[in-house]
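# Tertiary structure, described
The lines below spell out each chain.
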Amino acid sequence: MKLSVLQRLPEFYHWYAGEIGSRVEPTRLPELSNEADHDDNLIGLKLLSYPDRQVWEVMHKISQYLNGIGIDNSIIENEGEPCLFINSQDEPIALCRLKNIGIAIADFIPVNSSF
């Protein structure tokens, strides 16, 4: 897992129709939503640093590590790639712990053609 690079997906997600752990769909950013409770917001992470045949194996190791420290997560195929989804409230501790074991976290940076 060391020297892995995870990229944070640009959107927030929530469980599709309440099916926890099986399917996600994009949702509005928490600050734009009128909802007072954002407990079901998820962030997605995809692996950038491995060839296709190893991605699922590495993602499962990362998932097991997070489960071992008490962070619930699910690996779900999103746009043809395995992505790890965690509760947005767990993001700071999860990313900190992943960085501590040698995993780099890349934020999504949109391309802006105005430059």
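Just so you know, these numbers come straight off a predicted model, no measurement behind them. (Residues numbered from 1 in each chain as written. Predicted model: local features only at pLDDT ≥ 70, side-chain atom pairs only at ≥ 80, totals over all residues. Heavy atoms only, no water.)

### Some remarks on the overall build of the protein chain
Scanning the protein chain for helices and strands turns up two helices and six strands. From first element to last, N terminus to C terminus, the protein chain shows the α and β order β-β-β-α-β-β-α-β. Looking at the protein chain as a whole, 37% of its 115 residues are labelled buried. A fraction of 61% describes how many contacts in the protein chain between residues 6 or more apart in sequence connect residues 24 or more apart. When the accessible surface of the protein chain is summed, it comes to about 7,200 Å², and 49% of that surface belongs to carbon and sulfur atoms. (Helix = DSSP H or I, 4+ residues; strand = E, 2+ residues; numbered from the N terminus. Buried < 20%, exposed > 50% of the residue type's maximum accessible area, 1.4 Å probe, protein only. Contact = heavy atoms within 4.5 Å. Areas by Shrake-Rupley, 256 points an atom, 1.4 Å probe, with all protein chains shown as cover.)

### So, the pattern of salt bridges
Under the criterion given, the structure shown has three salt bridges. One salt bridge in this structure joins Lys46 and Glu81, with 3.7 Å as the shortest N-O distance. A residue pair is termed long-range when its members are at least 10 positions apart, and Lys46 in strand β3 (residues 42–47) and Glu81 in strand β5 (residues 81–87) qualify at 35 residues. Accessibility expressed as a relative area gives 33% for Glu81, which makes it partly exposed. Across the pair Glu57 and Lys61 runs a salt bridge whose closest N-O atoms are separated by 3.5 Å. Highlighted residues: Glu57 and Lys61, both in helix α1 (residues 52–68), separated by four residues, approximately one helical turn. With relative accessibility at 42%, the residue Lys61 sits in the partly exposed group. (Salt bridge = Lys/Arg side-chain N within 4 Å of Asp/Glu carboxyl O.)

### Thoughts on the side chain of Asn78
Tracing the chain through its elements places Asn78 in strand β4 (residues 73–78). Not counting residues up to four positions away in its chain, the partners in contact with Asn78 are Leu9, Tyr13, Cys83 and Phe85.

### Thoughts on the nonpolar core
Ranked by size, the top nonpolar core spans 18 residues in total, and within it Leu6, Leu47, Met59, Ile62, Leu66, Leu84 and Leu98 carry the most contacts. Listed by contribution, the elements that provide at least two residues to this core are β1 (5–15), β3, α1, β5 and α2 (91–100). Residues within four places of Leu98 in sequence aside, it is in contact with Leu6, Ile62, Tyr65, Leu66, Ile103 and Ile105. Core analysis: the next-biggest nonpolar cluster, separate from the first, contains eight residues, Tyr13, Trp15, Leu42 and Ile76 among them. (Core = buried A, V, L, I, M, F, W, Y, C linked by side-chain atoms within 4.5 Å.)

### Side note on α1
Along an α-helix, residues three or four positions apart point the same way, because every turn accommodates 3.6 residues. Over its 17 residues, α1 runs 25 Å from end to end, which matches the ideal 24 Å to within 8%, given 1.5 Å per residue. Among the residues making up α1, those that are buried are Val55, Val58, Met59, Ile62, Ser63 and Leu66. Along the axis of α1, the buried residues cluster in a sector spanning 145°; they form a single face. Turned more than 90 degrees from where α1 packs its buried face, Arg53, Gln64 and Gly68 sit exposed. In the core, the buried residues of α1 are packed alongside β1, β3, β4, β5 and α2. Just beyond α1, the residue with positive phi is Gly70, at close to 85°. (Expected span 1.5 Å × (residues − 1). Arc of directions from axis to C-beta.)

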